[in-house]
Amino acid sequence: MNFGTIGAGTVAQAIAGHLVTAGHKVTLSNSRGPDTLLNVVTRLGPLASAGTADEAAAADMVFLTVMWPQVGDALAGLPEWDGRILVDTTNNTESMLPAVTDLGVETASEFVADRAPGARVVKAFNTLHAQYIAADPRHAEGRQLLFYAGDDEAAKADFHTVADALGFAPVDAGTLRDGGRLMQIGGPLSALHALRQE
C-alpha cells in the first residue's frame, strides 16, 4: 500500500514520518507546489516524495490534512477516487467557515465524503493534538489510543491495520455520523489523549 497527503503541514509531516519509518512510500502535496516541499521530503528520507495533489490523491490511502476552510478547494478537481481510502484528519469549529451546521450535514466528515465521491472516507487523527501524533505512539505505559470512524467496514479494517502497524492502538468509534459526533471538537473523544495498557 502506498500513501499520499493532501496538505503538508504539521499533521501531514507527523503521519508521513511514521509511515516512512515503517517502510512505506509517501507522496506529500500542498497548494503551493512540489518545489516548496523539497526540505520536508529531504528530512523525511528517500521514501518520501513531493508531488501534485493529483499525484498524492492517486495513492491507495490518502490523508486530508488541510485546515477546514481549505477542504472544499483541496478536494475540488481531483481525479476519480474509485474506492481509494481518504482519511479525513480535519476539524471544524463554529468559527471556521463553512460551519457544519450551515452545510446540511451532521458532521464535518460527511461534508468531506460529499466532496470526494467514490472515496471510502475514514475519520481519524482529529482527536489528537499534533504533538501526540508526531510522538512515538509506543510508551512504556502502553500505546496511544487512536479513534477512527467510517461507513465502509473494509476501509476501516485497512486503516486499523495500518495504524496498528505504526504503533497506535486504534479504536473503532462507529460511523461517520455517530463516530464523527463523538470525535469532533466538543465531542467526548476530542482531545482525549490516553494510552491502552498492554
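Here we summarise the structure given alongside this text.

Definitions and limits used
Residues numbered from 1 in each chain as written. Predicted model: local features only at pLDDT ≥ 70, side-chain atom pairs only at ≥ 80, totals over all residues. Heavy atoms only, no water. Core = buried A, V, L, I, M, F, W, Y, C linked by side-chain atoms within 4.5 Å. Buried < 20%, exposed > 50% of the residue type's maximum accessible area, 1.4 Å probe, protein only. Helix = DSSP H or I, 4+ residues; strand = E, 2+ residues; numbered from the N terminus. Contact = heavy atoms within 4.5 Å. Phe/Tyr/Trp six-rings, centres within 6.5 Å; stacked < 30°, edge-to-face > 60°.

**Description of the nonpolar core**
Point 1. Counting 31 residues, the largest nonpolar core has Leu-19, Leu-28, Met-61, Phe-63, Phe-125 and Phe-159 as the members making the most contacts within it.
Point 2. Of all the elements in the fold, those that place two or more residues in this core are helix H1 (10–21), strand S2 (26–29), helix H2 (38–44), strand S4 (61–64), strand S5 (85–88), strand S6 (120–124), strand S8 (142–150) and helix H7 (153–165).
Point 3. No other element matches the 5 residues that H1 contributes to this core.
Point 4. What Met-61 contacts, discounting residues up to four positions off in sequence, is Met-1, Asn-2, Phe-3, Gly-4, Ile-85, Val-87, Asp-158, Phe-159 and Val-162.
Point 5. Judged by nonpolar contacts, the second largest core, of 20 residues, contains Val-66, Ala-74, Ala-119 and Leu-176.

**Quick word on the packing of aromatic side chains**
Aromatic ring pairs are reported here in terms of the distance separating the ring centres and the angle at which the planes meet.
Point 1. For the coordinates displayed, the defined rule picks out 6 aromatic pairs.
Point 2. Considering the side-chain rings of Phe-63 and Phe-125, the 6.2 Å spacing of their centres and the 65° angle between planes classify their relative orientation as edge-to-face. Here Phe-63, found in strand S4, pairs with Phe-125, found in the loop between S6 and helix H6 (130–134); they are 62 residues apart in sequence, far enough to count as distant. Both residues of the pair, Phe-63 and Phe-125, count as buried.
Point 3. Taken together, the ring pairs in this structure connect Phe-3, Phe-63, Phe-125, Tyr-148, Phe-159 and Phe-168 into an aromatic cluster.

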